[in-house]
Each structure stands twice: as C-alpha cells, then as structure tokens.
Amino acid sequence: MSTNAAIDLALDRVDWRDLAAQTEEQPRVYTPGEVLMPEAGFMRGHGTFVEDENIKSSVAGVIQKVNKLISVRPLKSRYVGEIGDVVVARVSEVQQKRWRVDTNSRLDSILLLSSVNLPGGELRRRSAEDEQMMRRYLDEGDLISAEVQNIFEEGSLSLYTRSLKYGKLSQGILVKVFPALVKRRKMHFHNLPCGASVILGNNGYIWISPTKGQEEEGGEGGFAQNLNEHVPRADREVIARLRNSILALAKCKLMIYDTSIQYAYEESLRYEAHELLQQNAIYDIGQQTQGRLRDADE
Amino acid sequence: MAYVALSEAEKTYILHGVEDDFRCDGRSRRDYRPMDLETGLVSNASGSARLRLANTDILVGVKTEIDVPNPLTPEFGKLEFFVDCSANATPEFEGRGGSDLAQELILSLQNAYESPLAFNYRTLCLIPGQQCWKLYIDILILECGGNLHDAVSLAAKAALFNTKLPRVTATMLDAGITDLIISDNPYDCTRIGIETVPLLVTVCKIGDYVLVDPSAEEEVCSTVSMVVSVSMRNGQAFLSGTHLTGGGAMHRDTMRNCLELGLAIGEHLDRLLTKMLNLEQQRVGLKRPQIVGFLK
C-alpha cells in the first residue's frame with residue numbers, strides 16, 4: 001500500500017481569476033459603500049442604502065435593475081428563501097410539534113409536525129402519541145429534503161415534506177456550496193446517467209446518493225433508512241467522483257445544474273477520483289466544462 | 001473539536017467507505033488531502049509559515065527572545081508553544097471556547113518536542129548557563145477542516161525551518177560578565193536544524209480500520225484516534241511521543257497497527273516536507289521578492 005500525499009507551494013497556486021477572464025462579458029462587482037447612482041428617480045432595493053443623496057451598495061456583488069428598483073445581489077451570502085424552493089436541510093433540534101432545521105439561511109427554519117407525511121395514511125389528525133414519537137421520525141442531525149412552504153415575517157422559513165419525493169435522506173454525501181451557484185430550475189431531483197442521484201438544494205446543500213430502485217422510492221412516508229445496506233464499491237466511486245466534480249465547479253465559480261454536473265463528471269473521467277482534489281485537476285475540469293457549456297449555448 | 005452534526009445514515013456511509021478502502025472523497029485509508037505551503041509570509045516574525053490542508057488553515061509565527069537558561073539544563077535553549085483558536089474558524093471558539101482544544105494541541109506539541117533527541121536544544125544556547133534563545137511558536141488556527149494535529153505540526157516545522165536567528169557575538173567584560181552584540185546586518189543570521197524536528201500523525205480508528213488525515217466528518221465517526229509523533233534521525237523514523245484523543249479505548253493490536261502506520265506515514269511526510277521546503281528556498285532565495293499570501 002502506498003501513501004499519496006502532496007504539498008504544493010503557494011508560489012505555484014493556481015490563479016482562479018484566469019478562469020473568469022476567459023468569459024467575454026465580465027460583470028461589474030460593486031463593493032460595500034460604493035456609490036451606485038444618485039437617489040433621484042430611483043428606488044433602493046436589497047443590498048443598498050442611501051447616504052448623501054446617493055444609493056450605495058451595502059454588500060459586495062453585482063447590480064440588478066428592475067425598472068426603477070436598484071438592488072445588489074451579493075456574491076456570497078446566506079440562503080434567502082423563496083416559496084417553492086427545494087432545499088436540503090439538517091434537523092438541529094426537536095421541539096414541541098415542530099423541528100428546528102438548518103437550511104444555511106440567516107435564521108433556523110421550521111418544519112411543523114403537521115407538514116410531514118406520517119406513516120400510515122396521509123390524512124389523519126396529529127395525536128399526542130405522534131408528538132411523543134417525533135424523535136423516532138426525525139432526530140437531531142438527520143438530513144431531509146423539503147420544500148419551502150411559507151416565509152415568516154422575520155425571514156425564517158417554514159418547510160414541508162408532504163409529498164413522497166421529499167423526506168428523510170438515507171446513505172450518501174452532503175456537499176455544501178454557495179447558494180448563489182445553484183441554478184434555479186424546474187427540476188432539482190436528478191437521476192444522472194452516470195448512476196447516482198443528486199438533489200440540488202436551492203440553499204446550496206447538494207445531496208448525492210446511489211440511485212434507488214423504483215419500488216423503494218418514497219415508501220414508508222419517507223422515513224425509511226437503509227442502514228444495513230452496503231453501498232457497492234462501483235457506486236461509491238461514482239459518488240466520490242461526482243462529489244469532487246461538484247466541488248470543482250464550485251471552486252471555479254461555475255453554475256451548478258444537471259448539464260454542468262454531467263459535463264464536469266465526463267471531464268473528470270481522465271483523472272482518478274482522489275486526484276480531483278488537486279488544484280490543477282480542478283482548474284482543468286473547470287476550464288473544460290466552461291468551454292463545453294459555452295459551445296452548448298451557441 | 002468543532003462539532004459537525006451527521007445523521008446515522010451518513011455515518012454508515014462513511015464507515016462502509018472506510019471498510020472498502022475508498023473514502024468519501026476517493027482517497028484510500030493512507031492518503032492525505034493536498035496541502036498548500038508558504039513560508040516567510042509574516043514579515044515581522046523571525047520565521048513563519050502558513051499551511052492549508054483542504055479546509056484546515058494554520059498560520060505559525062516564530063518570535064525570538066534572549067532569556068536565561070533553566071539552571072537544570074544550562075546548555076539548553078527554550079521553546080514555548082501557544083495555540084490560538086480563532087473564532088473565524090468556528091463560532092464555538094469565541095471567547096474561551098477554543099481553549100480546551102488549544103491546550104490539547106500545546107500539550108501534544110510539548111510532549112513531542114520534549115526529548116533533546118527530537119529537538120536539539122543546544123543550538124539555541126548562546127552562553128551556557130547565562131544566555132540562550134527562547135523561541136515562541138505562536139500557532140493560529142484560521143479554519144478547521146479536520147486533522148488539526150498533523151497540519152499544526154507540519155506548519156510548526158516549516159516555520160522553524162524558516163526561522164532566522166540574528167548572529168550573536170559575545171565579548172567578555174570585567175568580572176566575568178559577558179555582553180552580547182547582535183549583528184546589524186539583517187541577512188547575517190543562523191538557521192535552526194530541523195532534521196529531527198518531530199511531526200504529528202493522527203491515526204484515526206473508524207470501525208475496525210485505522211486511517212490517516214481524517215476529514216471533519218470522519219472525525220465525528222471515529223471513537224478514538226492516536227496522535228503519533230515521529231522524529232527522523234539518520235534517515236530512520238523514531239517515536240517521540242503518543243497520546244490518545246477521543247473517548248474510546250484501543251486494543252493492543254490496533255495500537256501496534258496505529259504506531260506502525262503512524263511511523264511509516266510520518267517518515268513519508270517528513271521527506272516530502274523537507275523536499276518542498278528546500279525547493280521553495282531555492283526558488284525564492286534569501287531575500288523574498290514577493291509574498292503570495294491569502295488572496296489569489
């Protein structure tokens with residue numbers, strides 16, 4: 001058995017700005033405190049404030065104009081939820097009639113006992129027994145996929161899992177990226193042709209798991225976990241490769257959606273799965289994927 | 001240690017991965033994640049290094065001072081470690097939150113550097129019994145991504161390699177008092193030999209197997225890990241200390257496995273680090289033209 005270890009010198013560090021330089025149109029990035037435009041005739045939106053009769057940016061990001069509304073979309077931020085978003089979340093606390101879950105937003109989100117599918121029939125009243133059994137369904141640390149049902153006034157989210165496609169997640173890997181990198185699409189659940197499924201949470205949490213058979217899907221109201229099942233080595237290799245490809249895309253600041261993941265995965269096949277952690281491989285994959293995405297657009 | 005929440009299913013997945021010798025990121029049980037190293041980036045320290053091991057980010061600065069040697073060891077210099085867990089790494093380190101972890105790291109470093117065979121304290125001696133160098137090794141943890149011990153020891157060794165002690169000459173005055181004259185030329189300096197300086201290798205036990213370089217998630221799955229400190233002497237790896245972290249206990253056979261694996265890995269890492277440090281020095285030269293630093 002051999003050991004693989006590599007120490008790179010900072011002198012040889014890859015300059016990630018080179019990748020961005022290859023796109024033709026580079027958006028202007030505003031820094032906090034920078035003057036966007038005079039206040040007269042415009043309305044200030046998110047990420048801006050008014051000082052000395054000028055609208056200034058309060059975050060680092062790109063400007064967005066909708067008619068007279070000026071807002072700045074930050075490059076890095078916590079997840080700002082919207083109703084209908086698919087999210088991957090982790091239960092952080094079990095409370096009375098509800099779970100407190102972490103969705104990478106500024107405030108913890110809420111999953112009410114009444115917004116989950118309980119085993120044994122969809123339409124039934126939540127009894128006191130159900131309340132005592134809550135920890136059986138979802139315990140601290142458990143991962144779920146869910147949809148944003150409502151946004152409370154202070155900005156925290158209320159989730160629901162009352163559909164068979166949502167629920168508790170079983171074996172697999174969670175990858176965290178910036179929420180802004182996950183492209184909003186109709187579909188966020190994908191069974192990729194390479195043999196694994198991904199859930200692209202709008203909150204930047206991405207779940208990669210082996211593809212399940214048809215009959216298993218969604219049984220037991222989404223609370224079953226296959227703890228005794230041993231994921232075969234071939235599936236593991238695909239999942240590890242996908243994980244590293246997605247992280248490579250995130251490192252190169254490329255948008256993450258089914259096509260880009262598929263391209264990155266195909267480009268990654270030239271490397272061994274563990275080589276994908278090295279910066280040169282990441283850069284190469286980013287560059288190739290960017291090129292293929294551009295070709296596909298044209 | 002920074003707490004990472006994991007569900008049972010994720011733990012099972014990691015555990016089975018370790019059994020298959022194919023971890024979540026595609027590494028085998030003996031593989032390290034790629035590291036990124038720079039030395040001499042803090043201009044107002046005598047020596048410094050920054051090491052990034054995936055998401056673990058360590059900055060080490062070495063400060064020098066002239067002190068009086070301990071009467072029990074008149075020919076030895078002094079070393080002092082200090083670890084600061086920045087609240088940037090995780091909010092749990094805010095206030096006194098990181099002090100337990102810092103203390104553990106300091107103790108394991110002190111333990112590893114304790115033997116005069118592991119670190120040649122005589123090189124820090126100026127006038128036996130009267131004056132010696134005291135090195136303050138200040139370690140700053142900027143980000144926690146698992147495997148802190150290894151990263152900290154690698155960075156400390158790199159910083160010691162980079163440390164430049166000003167050349168000191170002693171003149172005898174009346175009544176046996178000596179006076180030290182420190183050279184005015186900033187490039188007239190001596191270096192510290194680092195061949196024997198120990199490295200820490202964390203060998204982590206997950207399930208029935210042992211592995212190195214655990215990620216933060218893997219650390220959660222492990223019941224016990226052994227930190228093995230490895231010192232190289234004449235091309236051979238020697239053990240200069242061990243300690244166990246985590247709540248669990250170890251079987252004798254597992255312990256032997258851990259030590260063997262730790263020694264083998266430590267030897268490999270030491271060679272790699274020395275090679276890269278020499279390479280960097282060759283390419284940069286004594287007067288550093290520019291610092292890469294944190295950006296880019």
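The structure presented is a predicted model; accordingly, all values stated were derived computationally and were not measured.

**Focus on the overall build of chain B**
Stage number 1. Secondary structure summary: chain B contains five helices and 14 strands in total.
Stage number 2. In terms of overall dimensions, chain B has a C-alpha envelope of 75 × 45 × 40 Å along the principal axes.
Stage number 3. Taking all contacts inside chain B whose residues are at least 6 apart in sequence as the whole, residues at least 24 apart take part in 70%.
Stage number 4. Surface exposure of chain B reaches about 13200 Å², of which carbon and sulfur atoms provide 50%.
Stage number 5. For chain B, the distance from the average position of its 27 positive side-chain charges to the average position of its 38 negative side-chain charges is 5 Å.

**A few points about the overall build of chain A**
Stage number 1. On a plain count of helices and strands, chain A comes out with six helices and 18 strands.
Stage number 2. If one aligns the C-alpha atoms of chain A with their principal axes, the spans along those axes are about 60 × 60 × 35 Å.
Stage number 3. In chain A, the share of contacts with a sequence separation of at least 24, taken over all contacts with a separation of at least 6, comes to 62%.
Stage number 4. Only carbon and sulfur atoms are counted for the fraction: they give 47% of the accessible area of chain A, which is about 15500 Å².
Stage number 5. Across chain A, the mean location of the 38 positive side-chain charges is 3 Å away from that of the 42 negative side-chain charges.

**Some remarks on the sheet that holds strand E12 (residues 209-212) of chain B**
Residue and element names in this part refer to chain B.
Stage number 1. Spatial ordering of the open sheet is given by E12-E11-E13-E14, a layout of four strands whose pairing is antiparallel. Looking at which strands have only one partner, the edges of the open sheet turn out to be E12 and strand E14 (236-245). Averaged over all adjacent pairs, the angle separating strand axes in this sheet is 30 degrees, with direction ignored.
Stage number 2. Bridge count for strand E11 (residues 199-206) against strand E13 (residues 224-233) is seven bridges, and the pairing is antiparallel. Each residue of the ladder has a partner; that of Lys205, found in E13, is Val224.
Stage number 3. Packed onto the sheet, helix H2 (residues 99-113) meets E11, E13 and E14 and runs at close to 150 degrees relative to E14.

**Things to note about the confidence of the model for chain B**
Stage number 1. On average, chain B scores 88 in pLDDT, and the residues at 70 or more come to 98%.
Stage number 2. Here the complex is predicted with pTM 0.89, and the ipTM for its interfaces comes to 0.87.

**Comments concerning the interface of chain B and chain A**
Note: interface size is frequently given as the accessible area lost on complex formation between the parts.
Stage number 1. Each side of the interface is counted separately: chain B has 45 residues, and chain A has 43 residues.
Stage number 2. In this assembly, chain B packs against chain A so that about 4000 Å² is buried in total across both faces, 58% of it on carbon and sulfur atoms.
Stage number 3. Linking Asp20(B) and Arg236(A) is a salt bridge whose minimum nitrogen-to-oxygen distance equals 3.5 Å.
Stage number 4. Seen at the junction of chain B and chain A, the total is 16 residue pairs in polar contact (both at pLDDT 80 or more).

**Some words on the pairing of strand E10 (residues 98-102) of chain A**
Residues and elements named next belong to chain A.
Stage number 1. With burial as the criterion, only one face of E10 is covered, namely that bearing Trp99 and Val101; the residues Arg98, Arg100 and Asp102 on the opposite face remain uncovered.
Stage number 2. Two strands pair when backbone bridges link them, and strand E9 (residues 86-95) and E10 are joined in this way by five bridges, in the antiparallel orientation. Residue pairing across strands places Gln95 opposite Arg98, the latter belonging to E10.
Stage number 3. Linking two consecutive strands that pair antiparallel, namely E9 and E10, is a turn of two residues; a positive phi of about 60 degrees is found at Lys97 within it.
Stage number 4. Between E10 and strand E11 (residues 109-112), which pair antiparallel and follow one another directly, the connecting turn spans six residues, one of which, Asn104, has a positive phi of 70 degrees.

**Observations regarding the UniProt feature "domain: Exoribonuclease phosphorolytic" (unreviewed entry) in chain B**
Residues and elements named next belong to chain B.
Stage number 1. The UniProt record marks residues 32-166 and 197-264 with the feature "domain: Exoribonuclease phosphorolytic" (unreviewed entry), using the residue numbering of this structure.
Stage number 2. End-to-end, the C-alpha atoms of residues 32-166 are 36 Å apart, and along that stretch the chain is 22% helix and 38% strand.
Stage number 3. Between the C-alpha atoms that bound residues 197-264 the distance is 16 Å, and the span itself is 28% helix and 47% strand.

**A short note on the packing of aromatic side chains**
All names here are of chain B.
Stage number 1. Summed over the entire model, instances satisfying the criterion amount to six aromatic pairs over all chains.
Stage number 2. With a centroid separation of 5.1 Å and an interplanar angle of 70 degrees, the aromatic rings of Phe119 and Tyr121 are classed as edge-to-face. Considered together, Phe119 and Tyr121 belong to a single accessibility category, that of buried residues.
Stage number 3. Pairwise contacts between aromatic rings join Phe76, Phe81, Tyr113, Phe119 and Tyr121 into one cluster.
Stage number 4. Residue placement shows Lys63 over the ring face of Tyr136; its charged tip is 4.9 Å from the ring centre.

**Observations regarding the UniProt feature "domain: K Homology" (unreviewed entry) in chain A**
Stage number 1. Taking the UniProt record as the reference, the feature "domain: K Homology" (unreviewed entry) is found at residues 172-212 of chain A.
Stage number 2. Taken end to end, residues 172-212 of chain A is 0% helix and 46% strand, and its first and last C-alpha atoms sit 11 Å apart.

**Concerning the packing of helix H5 (residues 258-268) of chain A against helix H6 (residues 279-297) of chain A**
Residues and elements named next belong to chain A.
Stage number 1. It is the contact of H5 with H6, at a shortest axis distance of 9 Å, that shows an interaxial angle of 130 degrees. When the axes of H5 and H6 are compared, the pair comes out oblique. In terms of crossing hand, the pair formed by H5 and H6 is right-handed. Residues Ser260, Tyr263, Ala264, Glu266, Glu267 and Ser268 of H5 lie in contact with H6, whose contacting residues are Ile285, Gln288, Thr289, Arg292, Leu293 and Ala296.

**So, the side chain of His149(B)**
Stage number 1. With respect to the secondary-structure elements, His149(B) resides in helix H3 (residues 148-162).
Stage number 2. The contact partners of His149(B), leaving out residues within four places of it in the chain, are Glu104(B), Leu105(B), Ser108(B), Leu200(B), Thr202(B), Val227(B), His243(B) and Thr245(B).

**Comments concerning the pattern of salt bridges**
All names here are of chain A.
Stage number 1. Using the criterion set out here, one finds 32 salt bridges over all chains in the structure.
Stage number 2. For the salt bridge of Asp284 with Arg270, the shortest nitrogen-to-oxygen distance reads 3.3 Å. One end of the pair, Asp284, is in helix H6; the other, Arg270, is in the loop between H5 and H6, with 14 residues separating them in the sequence.
Stage number 3. With relative accessibility at 15%, the residue Asp284 sits in the buried group.

**Concerning a nonpolar patch on the surface**
Stage number 1. On the surface, a nonpolar cluster with roughly 270 Å² of combined accessible area is contributed by Met43(A), Val66(A) and Leu69(A).
Stage number 2. Counting through the fold element by element, Met43(A) comes out in strand E4 (residues 43-44).

**Concerning the environment of Phe294(B)**
Stage number 1. For Phe294(B), the position within the fold is in the segment after helix H5 (252-284).
Stage number 2. A residue is classified by how much of its surface remains accessible, and Phe294(B), at 42% relative accessible area, is partly exposed.
Stage number 3. Considering only alpha carbons, one finds Phe294(B) and Thr178(B), 116 residues apart in sequence, at a separation of 44 Å.
Stage number 4. Leave out the neighbours within four places in its chain, and Phe294(B) touches Arg13(A), Leu41(B), Arg50(B), Leu59(B) and Leu142(B).

**Considering the packing of H2(B) against H3(B)**
Residue and element names in this part refer to chain B.
Stage number 1. In the contact formed by H2 and H3, the axes pass within 11 Å of each other and the chain directions differ by 55 degrees. Looking at the two axes, H2 sits oblique to H3. H3 is crossed by H2, and the crossing has right-handed handedness. Along its contact with H2, which presents Leu101, Glu104, Leu105, Ser108, Leu109 and Tyr113, the element H3 presents Leu148, His149, Val152, Ser153, Ala156, Lys157 and Leu160.
Stage number 2. Its residues placed into classes, the contact of H2 with H3 shows eight nonpolar, three polar and two charged.

Conventions used here
- Residues numbered from 1 in each chain as written.
- Chains lettered and ligands numbered in written order.
- Predicted model: local features only at pLDDT ≥ 70, side-chain atom pairs only at ≥ 80, totals over all residues.
- Heavy atoms only, no water.
- Helix = DSSP H or I, 4+ residues; strand = E, 2+ residues; numbered from the N terminus.
- Contact = heavy atoms within 4.5 Å.
- Areas by Shrake-Rupley, 256 points an atom, 1.4 Å probe, with all protein chains shown as cover.
- Lys, Arg positive; Asp, Glu negative; His and termini not counted.
- Charge placed at Lys NZ, Arg CZ, Asp CG, Glu CD.
- Pairing = 2+ DSSP bridges.
- Axes fitted to C-alpha atoms, helices over the stretch in contact; angles between N-to-C directions.
- pLDDT = per-residue confidence, 0-100.
- Buried area = accessible area lost by both parts, 1.4 Å probe.
- Salt bridge = Lys/Arg side-chain N within 4 Å of Asp/Glu carboxyl O.
- Polar contact = N/O pair within 3.5 Å; in protein donor to acceptor, adjacent residues only side chain to side chain.
- Buried < 20%, exposed > 50% of the residue type's maximum accessible area, 1.4 Å probe, protein only.
- UniProt positions renumbered as here; feature names shortened; annotations may be inferred.
- Phe/Tyr/Trp six-rings, centres within 6.5 Å; stacked < 30°, edge-to-face > 60°.
- Lys NZ or Arg CZ within 6 Å of the ring centre and 35° of its normal.
- Parallel < 35°, antiparallel > 145°, perpendicular 65-115°, else oblique.
- Left-handed = near helix turned anticlockwise from the far one by under 90°.
- Patch = residues over 30% accessible without salt bridge, like charges linked within 9 Å, V, L, I, M, F, W, Y side chains within 5 Å.
- Nonpolar A, V, L, I, M, F, W, Y, C, P; charged D, E, K, R; others polar.

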